Amino acid sequence: MRSPRNDGRAVVEICRRMYERGYVVATEGNVSVRLRSGEILVTATRVRKREIATGDLVRLTPGGVRVAGSPRPSSEAALHTLIYSKRSDINAVVHAHPPCCSAFAVAGKRLRVGAIPEVLVEFGDIPLVPFAVPGTGKLPKAITPHLMKSNFFLLANHGVVSCAADLEEAYDLVERAEHAARILLLAESLGGAGNLSPRDRRELRHIRQTRTDGQRHGVRQR
Ligand SMILES: [Zn+2]
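Everything numeric here is computed off the predicted structure, so don't read it as measured data.

### Let's talk about the nonpolar core
- Residues Met 18, Leu 111, Ile 143, Phe 152 and Leu 167 are the most contacted members of the largest nonpolar core, which totals 68 residues.
- For this core, the leading source of residues is helix α6 (residues 167-188), giving nine residues.
- Setting aside anything within four residues of it in sequence, one finds Met 18 in contact with Tyr 23, Val 24, Val 31, Val 94, His 95, Ala 96 and Tyr 171.

Structure (structure tokens):
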């Protein structure tokens, strides 16, 4: 397994990958990492993700203040700094508009975790955060009550937020959720996805808990 890389080059790589996968278009979306120094690197506002470079990244203090010489940060930078301030286990945050997940979000529907085993083990729960006008600073307030419940969130009428100990992991959650959302949408045309039985769900939640406990006991350190 590759060691986690949370730096500017990794941010650029993930932005381009998200653009290529259609998870963002044009200047949409934003990505950040927390550096070992505690500072935050976040994508600048209105940068095309297909051609982003390390010069398009903004350096913020842990408190969210822009370091002199940096370009203007994404309008959602406050969301990123909030997550880092509340979650010491998180070092990377991704915000994107992947089409299938966003279809659930704009329909105001939750992504059901109880239909696909991998999804239940990987996500546990996927909260649906009430709508907040993007770029107004209201999104951090809307997500706060849900922050400790999950590493992945659907934003009503908007898109997704994913966070993890490292950037590849945060990206993987977006990819996994988008794949699951696509399966669930396809299942709709066949009459809808069935739920796993309560017993199977209990067993899968136990597997998830065992895995989470293992990670908490020092397997994953920054
Ligand atoms: Zn957005």
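### Brief notes about the coordination of the zinc ion
- Taken together, His 95 (NE2), His 97 (NE2) and His 158 (NE2) make up the full set of protein donors to the zinc ion, lying 2.0 to 2.1 Å away.
- Counting gaps between the donor residues of the zinc ion yields the pattern H-x1-H-x60-H. Of the two residues, His 95 sits in strand β4 (residues 92-96) while His 158 sits in the loop between β6 (152-155) and β7 (159-164), which places them 63 residues apart along the sequence. Here His 95 and His 158 have matching classes, each one buried.

### A few points about the packing of aromatic side chains
- What the rule picks out here adds up to two aromatic pairs.
- The interplanar angle of 75° and the centroid separation of 5.3 Å between the aromatic rings of Phe 123 and Phe 152 together place this pair among those described as edge-to-face. Taken together, the positions of Phe 123 in helix α4 (residues 117-123) and Phe 152 in strand β6 put the pair 29 residues apart, joining distant regions of the chain. Accessibility assignment for this pair places Phe 123 and Phe 152 in one class, buried.

### Some points on the packing of helix α1 (residues 8-20) against α6
- Packing of α1 against α6 brings their axes to within 10 Å, and their N-to-C directions diverge by 15°. Our classification of the angle between α1 and α6 gives roughly parallel. Crossing angle aside, the handedness with which α1 passes α6 is right-handed. Contacts between α1 and α6 pair Ala 10, Val 11, Glu 13, Ile 14, Arg 17 and Met 18 from the former with Leu 167, Glu 168 and Tyr 171 from the latter.

### Describing α6
- With 22 residues, α6 extends 32 Å between its outermost C-alpha atoms, agreeing within 8% with the 32 Å of an ideal straight helix rising 1.5 Å per residue.
- For α6, the set of buried residues is Leu 167, Ala 170, Tyr 171, Leu 173, Val 174, Ala 177, Glu 178, Ala 180, Ala 181, Leu 184 and Ala 187.
- The N-capping residue of α6, defined by a side-chain oxygen 3.1 Å from the backbone nitrogen of Glu 168, is Asp 166.

Calculation rules
- Residues numbered from 1 in each chain as written.
- Predicted model: local features only at pLDDT ≥ 70, side-chain atom pairs only at ≥ 80, totals over all residues.
- Heavy atoms only, no water.
- Core = buried A, V, L, I, M, F, W, Y, C linked by side-chain atoms within 4.5 Å.
- Buried < 20%, exposed > 50% of the residue type's maximum accessible area, 1.4 Å probe, protein only.
- Helix = DSSP H or I, 4+ residues; strand = E, 2+ residues; numbered from the N terminus.
- Contact = heavy atoms within 4.5 Å.
- Donors = N, O, S within 2.8 Å, 3.2 Å for Na, K, Ca; no water.
- Phe/Tyr/Trp six-rings, centres within 6.5 Å; stacked < 30°, edge-to-face > 60°.
- Axes fitted to C-alpha atoms, helices over the stretch in contact; angles between N-to-C directions.
- Parallel < 35°, antiparallel > 145°, perpendicular 65-115°, else oblique.
- Left-handed = near helix turned anticlockwise from the far one by under 90°.
- Expected span 1.5 Å × (residues − 1).
- Polar contact = N/O pair within 3.5 Å; in protein donor to acceptor, adjacent residues only side chain to side chain.

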